[in-house]
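# Examination of the molecular architecture
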Amino acid sequence: MNDKIETLFTEDQIQARVETLAQQINTDYSERSLVLVSVLRGSIFFTTDLSRRIRLPLAMDFLSISSYGEGSEGVVRITKDLEENIAGKDVLLVEDIVDTGFTMRYLMRTLLSRNPRSLEICALLDRRARRIIDLDIKYVGFEIPDKFIVGYGLDYKQQFRNLPYIGIIQPDKLS
Ligand code: IMP
Ligand code: MG
């Protein structure tokens, strides 16, 4: 199956970049009360790798969203909410990829209404070419071209999430 996927970032490149992001977070969040909020399912591996490289006390929480497809951009719904109250906490939203930005705008607005002390975005991938919503993303792993990406948590029709690398897939070549 993997001959349809062209490697964009190797496992080593990803791990090196995650280490750098974690070091920045170590500096920025010392003496804070950090909560990593992982947006399921795409950011699972990124969240677990990142969290193990952060040398600070932190809490982890998870939320799940569903977005309606083409033509209804921006319509996002929380299907599994956080378990904990984030009021007064320093929340870092951990996301796999920011594309149009509609998902992050919705989550930023929703979580801000719960009065965290701070709220920032940490996105593994940033596809700026397709951005519609202006967003301030504090931590970005990699900027990527306008191609469909799979691996390291990202799926195509629920497949390929378990690839340890990130690659470009040509959906028209798949059945
Ligand atoms: P946005 O709301 O347009 O920014 O969409 C972001 C969401 O779409 C991400 O959280 C992903 O779940 C999904 N997504 C966007 N591009 C890709 C991709 O290339 N591969 C897999 N999922 C993607
Ligand atoms: Mg996502």
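Structure report, in brief. (Residues numbered from 1 in each chain as written. Chains lettered and ligands numbered in written order. Predicted model: local features only at pLDDT ≥ 70, side-chain atom pairs only at ≥ 80, totals over all residues. Heavy atoms only, no water.)

### Side note on the packing of helix α1 (residues 11-28) against helix α2 (residues 44-53)
- Between α1 and α2, the shortest axis-to-axis distance is 8 Å and the interhelical angle comes to 55°. Put simply, α1 runs oblique to α2. You can see that α1 and α2 cross each other, and the crossing is right-handed. Residue-level inspection shows Gln 15, Val 18, Glu 19, Leu 21, Ala 22, Ile 25 and Asn 26 of α1 in contact with α2, the latter providing Phe 46, Asp 49, Leu 50 and Arg 53. (Axes fitted to C-alpha atoms, helices over the stretch in contact; angles between N-to-C directions. Helix = DSSP H or I, 4+ residues; strand = E, 2+ residues; numbered from the N terminus. Parallel < 35°, antiparallel > 145°, perpendicular 65-115°, else oblique. Left-handed = near helix turned anticlockwise from the far one by under 90°. Contact = heavy atoms within 4.5 Å.)

### Some remarks on unusual backbone geometry
- Note the cis peptide between Leu 40 and Arg 41, where omega equals 0°.
- Mapping Arg 41 onto the fold places it in the loop between β2 (34-40) and α2.
- Residues other than glycine seldom take positive phi values, yet Glu 31 does so here, at roughly 65°.
- Among the structural elements, Glu 31 can be located in the loop between α1 and β2.

### Here we look at the site of ligand 1
- In the region of ligand 1, 14 residues are neighbours, and Asp 99, Thr 100, Thr 103, Arg 127 and Ile 149 sit closest.
- Between an oxygen atom of ligand 1 and a side-chain N or O atom of Thr 103, the distance comes to 2.5 Å.
- Residue Arg 127 places a side-chain N or O atom 2.5 Å away from an oxygen atom belonging to ligand 1.
- In isolation ligand 1 has 500 Å² of accessible area, and contact with the protein removes 80% of it.
- Of all the secondary-structure elements, those providing two or more residues to the shell around ligand 1 are β5 (90-98) and α3 (102-112).
- Per-element tally for the shell around ligand 1: the top contributor is β5, with 4 residues.
- In terms of residue class, the shell around ligand 1 is made up of 6 nonpolar, 3 polar and 5 charged. (Near = heavy atom within 4 Å. Polar contact = N/O pair within 3.5 Å; in protein donor to acceptor, adjacent residues only side chain to side chain. Areas by Shrake-Rupley, 256 points an atom, 1.4 Å probe, with all protein chains shown as cover. Nonpolar A, V, L, I, M, F, W, Y, C, P; charged D, E, K, R; others polar.)

### Section: the nonpolar core
- Counting residues in each nonpolar core, the largest one holds 27 residues, and the members touching the most others are Ile 25, Phe 46, Leu 50, Ile 54, Leu 92, Leu 125 and Ile 166.
- For this core, the secondary structure elements donating two or more residues are α1, β2, α2, β5, β6 (118-126), β7 (139-143) and β9 (166-169).
- The element contributing the most residues to this core is α1, with 5 residues.
- Those residues within four positions of Ile 54 in sequence are excluded, and the remaining contacts are Ala 22, Ile 25, Asn 26, Leu 34 and Leu 36.
- Ranked by size, the runner-up nonpolar core spans 23 residues in total, among them Val 76, Leu 82, Val 91 and Leu 135. (Core = buried A, V, L, I, M, F, W, Y, C linked by side-chain atoms within 4.5 Å. Buried < 20%, exposed > 50% of the residue type's maximum accessible area, 1.4 Å probe, protein only.)

### With respect to the packing of aromatic side chains
- Throughout the structure, instances matching the rule amount to 3 aromatic pairs.
- Where Phe 45 meets Tyr 152, the ring centres are 6.3 Å apart and the plane angle is 35°; that geometry is what we call tilted. With Phe 45 in helix α2 and Tyr 152 in the loop between β8 (149-150) and β9, the pair connects residues that are 107 residues apart, well separated along the chain.
- Take Phe 45: its relative accessible area is 32%, and that puts it in the partly exposed class.
- When the centroid spacing of 5.9 Å and the interplanar angle of 80° are considered together, the rings of Phe 148 and Tyr 156 count as edge-to-face.
- On the basis of relative accessible area, Phe 148 is assigned to the partly exposed category, the value being 37%.
- You can call Tyr 156 buried: its relative accessible area is 15%. (Phe/Tyr/Trp six-rings, centres within 6.5 Å; stacked < 30°, edge-to-face > 60°.)

This is a description of form; function is not addressed.
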